[in-house]
Amino acid sequence: MSDERTVWGVGLATIAGDGTVLDTWYGRLGTGSPAVAEASAAELERAAGPDERRNVTVEAVQVEIDLDAAPASTSDAYLRLHALSHRLVKPNDLNLDGVFAHLPNVAWTNAGPVHPDDLTRLRPVLQRAGIQVQSLDKFPRLTDYVLPPGVRVADASRVRLGAYLSPGTTVMHEGFVNFNAGTLGASMVEGRVSQGVVVGDGSDIGGGASIMGTLSGGGTHRVSIGERTLLGANAGIGISLGDDCVVEAGLYITAGTKVVLPDEPPTADGTPQIVKAASLHGASGLLFIRNSVTGAIQARRRRGVGVTLNAALHA
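Residues numbered from 1 in each chain as written. Predicted model: local features only at pLDDT ≥ 70, side-chain atom pairs only at ≥ 80, totals over all residues. Heavy atoms only, no water.

## Brief notes about the overall build of the protein
Working step 1: Each helix and strand counted, the protein has three helices and 26 strands in total.
Working step 2: Dimensions of the protein along its principal axes, counting C-alpha atoms only, are 75 × 45 × 40 Å.
Working step 3: Counting over 315 residues, the protein shows a buried share of 48%.
Working step 4: For the protein, long-range pairs separated by at least 24 residues make up 49% of all intrachain contacts whose partners lie at least 6 apart in sequence.
Working step 5: Carbon and sulfur atoms form 50% of the exposed surface of the protein, whose accessible area is close to 14,200 Å².
Working step 6: Averaged over its 26 positive side-chain charges, the protein has a centre that lies 7 Å from the centre of its 32 negative ones. (Helix = DSSP H or I, 4+ residues; strand = E, 2+ residues; numbered from the N terminus. Buried < 20%, exposed > 50% of the residue type's maximum accessible area, 1.4 Å probe, protein only. Contact = heavy atoms within 4.5 Å. Areas by Shrake-Rupley, 256 points an atom, 1.4 Å probe, with all protein chains shown as cover. Lys, Arg positive; Asp, Glu negative; His and termini not counted. Charge placed at Lys NZ, Arg CZ, Asp CG, Glu CD.)

## Digging into the packing of aromatic side chains
Working step 1: This model, assessed by the stated rule, comprises five aromatic pairs.
Working step 2: Geometrically, the ring pair formed by F100 and F139 is edge-to-face, given 5.9 Å between the ring centres and 75° between the ring planes. Of this pair, F100 sits in the loop between helix 2 (74-85) and strand 5 (106-109) while F139 sits in the loop between strand 7 (133-137) and strand 8 (152-153); the two residues are 39 residues apart in sequence, bridging distant segments of the chain.
Working step 3: Classification of F100 as partly exposed rests on a relative accessible area of 35%.
Working step 4: Taking relative accessible area as the criterion, F139 reaches 3% and is therefore assigned buried.
Working step 5: For the ring pair F100 and F179, a centre distance of 5.9 Å and an interplane angle of 90° mean the geometry is edge-to-face. Placement of F100 in the loop between helix 2 and strand 5 and of F179 in the loop between strand 11 (176-177) and strand 12 (181-183) is noted, with a sequence separation of 79 residues between them.
Working step 6: Take F179: its relative accessible area is 3%, and that puts it in the buried class.
Working step 7: Connected via pairs of aromatic rings, a cluster forms that spans Y78, W108 and Y145. (Phe/Tyr/Trp six-rings, centres within 6.5 Å; stacked < 30°, edge-to-face > 60°.)

## Considering the UniProt feature "active site" (unreviewed entry) in the protein
Working step 1: In this structure's numbering, the residues bearing the UniProt feature "active site" (unreviewed entry) are E190.
Working step 2: With residues up to four places along the chain from it excluded, the contact list for E190 reads M172, E174, G175, D204, I205, G206, G207 and G208. (UniProt positions renumbered as here; feature names shortened; annotations may be inferred.)

## Quick word on the layout of surface pockets
Working step 1: When its volume is computed, the largest pocket comes out at roughly 270 Å³.
Working step 2: D23, A111, G112, P113 and Y145 are the residues nearest the centre of the largest pocket, which is lined by 17 residues in total.
Working step 3: Residues that form the lining of the largest pocket fall into these classes: eight nonpolar, five polar and four charged.
Working step 4: In this model, the second largest pocket occupies a volume close to 180 Å³.
Working step 5: Around the second largest pocket sit 14 residues that line it, and L96, D97, N180, Q195 and R222 are the ones nearest its centre.
Working step 6: Here the lining of the second largest pocket is composed, by residue class, of six nonpolar, six polar and two charged. (1 Å grid on protein atoms, 1.4 Å probe; cavity = no way out; pocket = protein on both sides within 12 Å on 5 of 7 lines; lining within 4 Å. Points joined across faces, edges and corners; volume = space filled by probe spheres on them. Nonpolar A, V, L, I, M, F, W, Y, C, P; charged D, E, K, R; others polar.)

## Observations regarding the nonpolar core
Working step 1: Formed by 63 residues in total, the largest nonpolar core has its most connected members in I211, V247 and F288.
Working step 2: Within the residue set of this core, elements represented by two or more residues are strand 1 (6-16), strand 2 (21-31), strand 4 (56-66), helix 2, strand 5, strand 23 (258-261), strand 25 (286-290) and strand 26 (297-301).
Working step 3: A per-element tally of this core places helix 2 first, with six residues.
Working step 4: Filtering out sequence-adjacent residues up to four positions away, F288 remains in contact with I239, L241, V246, V247, E248, L251, I253, L280, Q298 and A299.
Working step 5: By size, the runner-up hydrophobic cluster in this structure holds six residues, among which are V114, L119, L126 and I131. (Core = buried A, V, L, I, M, F, W, Y, C linked by side-chain atoms within 4.5 Å.)

## Details of helix 2
Working step 1: Between the first and last C-alpha of helix 2 there are 17 Å, a value that for twelve residues agrees with the 16 Å anticipated at 1.5 Å per step.
Working step 2: Along helix 2, twelve of the twelve residues are buried, which leaves the element largely enclosed by surrounding structure.
Working step 3: Within helix 2 the residues assigned to the buried category are T74, S75, D76, A77, Y78, L79, R80, L81, H82, A83, L84 and S85.
Working step 4: In the core, the buried residues of helix 2 are packed alongside strand 1, strand 2, strand 4, strand 5 and strand 9 (163-164).
Working step 5: Structurally, the start of helix 2 carries an N-cap: the backbone nitrogen of D76 is 3.1 Å from a side-chain oxygen of S73.
Working step 6: Two residues or fewer after helix 2 comes R87, characterised by a positive phi angle close to 65°. (Expected span 1.5 Å × (residues − 1). Polar contact = N/O pair within 3.5 Å; in protein donor to acceptor, adjacent residues only side chain to side chain.)

## Observations regarding helix 3 (residues 116-128)
Working step 1: Over its 13 residues, helix 3 extends 18 Å from the first C-alpha to the last, a length consistent with the 18 Å expected when each residue adds 1.5 Å.
Working step 2: The sharpest bend along helix 3 comes to roughly 70°, located at L122, with the proline P124 sitting one to four residues further on.
Working step 3: Turning to helix 3, its buried residues are D118, L119, L122 and L126.
Working step 4: Count one or two residues on from helix 3 and you reach G130, which has phi positive near 75°. (Bend = angle between axes of the 7 residues up to and from the residue.)

## Considering the sheet that holds strand 17 (residues 210-211)
Working step 1: Here we have five strands laid out as an open sheet, ordered 11-14-17-20-22, and parallel in their pairing. In this open sheet, the two strands that pair with only one neighbour each are strand 11 and strand 22 (252-253).
Working step 2: Inspection of the sheet shows strand 14 (residues 192-193) paired to strand 17 by two bridges, in the parallel sense. Bridged to V193 within strand 17 is I211. (Pairing = 2+ DSSP bridges.)

Structure below.
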């Protein structure tokens with residue numbers, strides 16, 4: 001395997017009393033040869049040790065993975081999520097087959113992970129220590145492990161570790177970004193960016209908008225959004241959009257949605273062309289609207305650039 005497809009990391013693994021690896025945080029990671037890994041592991045040994053409050057032990061670990069191979073352990077899976085959030089690898093450019101099997105369900109607290117089976121017994125001790133449970137999930141919050149430079153995240157609970165956020169991206173309070181998904185440039189995210197979805201530079205995902213991911217309904221198409229494209233408030237898509245597109249507020253378009261093309265030559269009988277939205281996958285310069293008189297969904301040609309983000313907001 002090439003150096004570019006090798007990722008190494010040194011960090012701290014949290015291990016429950018029954019031996020379950022709950023998580024792994026990587027303080028140092030990179031691609032290619034792990035030249036500084038051993039020195040970094042020695043530094044982290046000082047932070048290792050037991051935490052009786054949570055019935056866990058923290059151990060220093062050193063891991064090296066092949067991005068083209070499937071995850072082989074919990075620490076391996078966490079290194080892949082870190083690599084995404086540290087922007088070492090882009091979404092959909094690494095093997096995540098079977099990743100869920102290596103991510104145990106964890107009670108996430110403000111002091112770190114706890115095995116769910118230990119929580120009832122430990123609750124009185126945790127409460128006296130001011131430790132609160134924040135969620136019960138396989139994935140932790142991004143900001144508990146990685147703080148991507150040049151990014152704003154208004155509500156940390158809505159962005160998972162494994163999200164790929166480029167500099168200039170703002171995720172507002174109602175925005176959500178899943179693992180193996182994210183932004184390829186400065187973008188506004190006020191809606192949902194599902195697993196596998198990438199959003200191009202200068203695009204805006206409006207409040208309450210939804211982008212269908214590969215985990216939704218068993219589909220295999222990876223939805224993407226190009227540059228300077230606007231997905232209006234409460235809109236949704238199950239197809240890819242190219243550059244400079246607009247989907248009007250409240251309009252949901254799936255692959256099977258019938259779309260009228262009023263700007264294209266009519267059919268032989270003089271009626272407008274009607275196609276499935278899937279045939280418009282990745283097209284640029286389109287405005288998707290619902291005709292307020294007939295109720296038909298239309299895709300019209302639009303000229304010029306799409307949306308322009310507030311430069312000061314995304315600086």
